[in-house]
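Commentary on secondary and tertiary structure
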Amino acid sequence: MSKKPDIDKFTGIETTGHEWDGIKELNNPSPRWWLIVFLITVVWAVGYWVVYPAWPTLSGDGERGGTKGSMGWTQYDQLKEQQAEITARKAAYLARFEAASFDAIREDPELYAFAVAGGAAAFKDNCATCHGTGGAGSAGYPNLNDDDWLWGGDIDAIHDTIRFGVRTNHDDTRFSEMPAFGGMLNEAEIAAAADYVLSFTKDVAATDMGQQVFEDNCAACHGGDGKGDPGLGAPNLADAIWFYGDAQADIMSQIRKPKHGVMPTWETRLDANTIRQLSVYVHSLGGGEE
């Protein structure tokens, strides 16, 4: 004997027989639009299985690892095509880049963007460890964003510094060395010289002794006005930018026993195009000289 269907007294529609806390589920059919969409997805899935690789197989070729599909398409082939396109475009730009001078690169928006993009990538891989990801440097490592340059800040000068390094065994390396005046000057003279150096940028009283010590021992490289000499790699002492600190004790320490940083010779590590791209990128950071 069949059970009489349960009819909802409010809607007059048959229920499924399920009830939760007095709420009954009506046995309404699924919406037609939903059924149509569902059937379309079923057809689409079947078509996808036929056209594209979809089913894993034990006899896969290792690359696809499953059925090949009627189109023979794979993401590996797509990646190869995209990489080939990128390589071809890069080669075209490199050919133009190699033949162009730095002035021509700066005047060509496409070449300049290409150089900056390549230089930025190389900078993160090779230079950011010391100079920071944004080139701001830190104590003992130059800030490449300001306009203070030991060896000159035009692109050619930056290129030579990157290519040959600083204080390396390369024949053309940048090389300068400040003497250790601790064995030549007494502490009073060193303190007086430090105060005189600070007087270029701070309200510090300079003495005649400090001026005399500076003129006798420091002016030959740093200049009588303390503005340095990029040809010698002598820092500018009158621009309020300090490499190892701006306190009297910091400057006295540098006079007494100076620190000498080392930058690698990148010519033996990077190709010529990468070094040129790095030069353009570093110059573009904001502190480059014309």
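Residues numbered from 1 in each chain as written. Predicted model: local features only at pLDDT ≥ 70, side-chain atom pairs only at ≥ 80, totals over all residues. Heavy atoms only, no water.

Re the pattern of salt bridges
If you walk through the whole model with that rule in mind, you get six salt bridges. For the salt bridge of Arg96 with Asp108, the shortest nitrogen-to-oxygen distance reads 2.7 Å. Here Arg96 is found in helix 2 (residues 75-99), whereas its partner Asp108 is found in the loop between helix 3 (102-107) and helix 4 (109-126), with 12 residues between them in sequence. Across the pair Asp246 and Lys202 runs a salt bridge, and its minimum N-O distance is 3.3 Å. One end of the pair, Asp246, is in the loop between helix 9 (219-222) and helix 10 (248-256); the other, Lys202, is in the loop between helix 7 (187-198) and helix 8 (208-217), and 44 residues separate them in sequence. A relative accessible area of 33% means that Asp246 is categorised as partly exposed. When its relative accessible area of 36% is taken as the criterion, Lys202 is described as partly exposed. Sharing partners across several salt bridges, the network here consists of Arg96, Asp108 and Glu110. (Salt bridge = Lys/Arg side-chain N within 4 Å of Asp/Glu carboxyl O. Helix = DSSP H or I, 4+ residues; strand = E, 2+ residues; numbered from the N terminus. Buried < 20%, exposed > 50% of the residue type's maximum accessible area, 1.4 Å probe, protein only.)

Thoughts on helix 6 (residues 155-164)
Of all 10 residues that make up helix 6, seven are buried, and the element is covered over most of its length. Every buried residue of helix 6 is accounted for by Ile155, Ala157, Ile158, His159, Thr161, Ile162 and Phe164. Contacts from the buried residues of helix 6 go to helix 3 and helix 11 (272-284). Capping the start of helix 6, Asp154 holds a side-chain oxygen 3.0 Å from the backbone nitrogen of Asp156, two or three residues further along. In the segment just after helix 6, Gly165 is the residue with positive phi, at about 80°. (Contact = heavy atoms within 4.5 Å. Polar contact = N/O pair within 3.5 Å; in protein donor to acceptor, adjacent residues only side chain to side chain.)

Comments concerning the environment of Gly66
Among the structural elements, Gly66 can be located in the loop between helix 1 (32-51) and helix 2. What makes Gly66 buried here is its relative accessible area of 13%. Each C-alpha atom of the pair Gly66 and Pro56 lies 4.0 Å from the other, and the pair is 10 residues apart in sequence.

Observations regarding the pairing of strand 1 (residues 15-20)
Looking at chain direction, strand 1 and strand 2 (residues 23-26) are connected through three bridges and run antiparallel. Pairing of Glu19 across the sheet is with Lys24, part of strand 2. Where strand 1 hands over to strand 2, the hairpin turn is made up of two residues, of which Asp21 adopts a positive phi near 50°. (Pairing = 2+ DSSP bridges.)

Some details on the packing of helix 6 against helix 11
It is at 9 Å that the axes of helix 6 and helix 11 come closest, and there the two elements cross at 125°. The angle between helix 6 and helix 11 falls in the class oblique. Pair helix 6 / helix 11 crosses with right-handed handedness. On helix 11, the residues that touch Ile155, Ile158, His159, Ile162 and Arg163 of helix 6 are Ile275, Arg276, Leu278, Ser279, Val282 and His283. Partitioning the contact of helix 6 with helix 11 into residue classes produces six nonpolar, three polar and two charged. (Axes fitted to C-alpha atoms, helices over the stretch in contact; angles between N-to-C directions. Parallel < 35°, antiparallel > 145°, perpendicular 65-115°, else oblique. Left-handed = near helix turned anticlockwise from the far one by under 90°. Nonpolar A, V, L, I, M, F, W, Y, C, P; charged D, E, K, R; others polar.)

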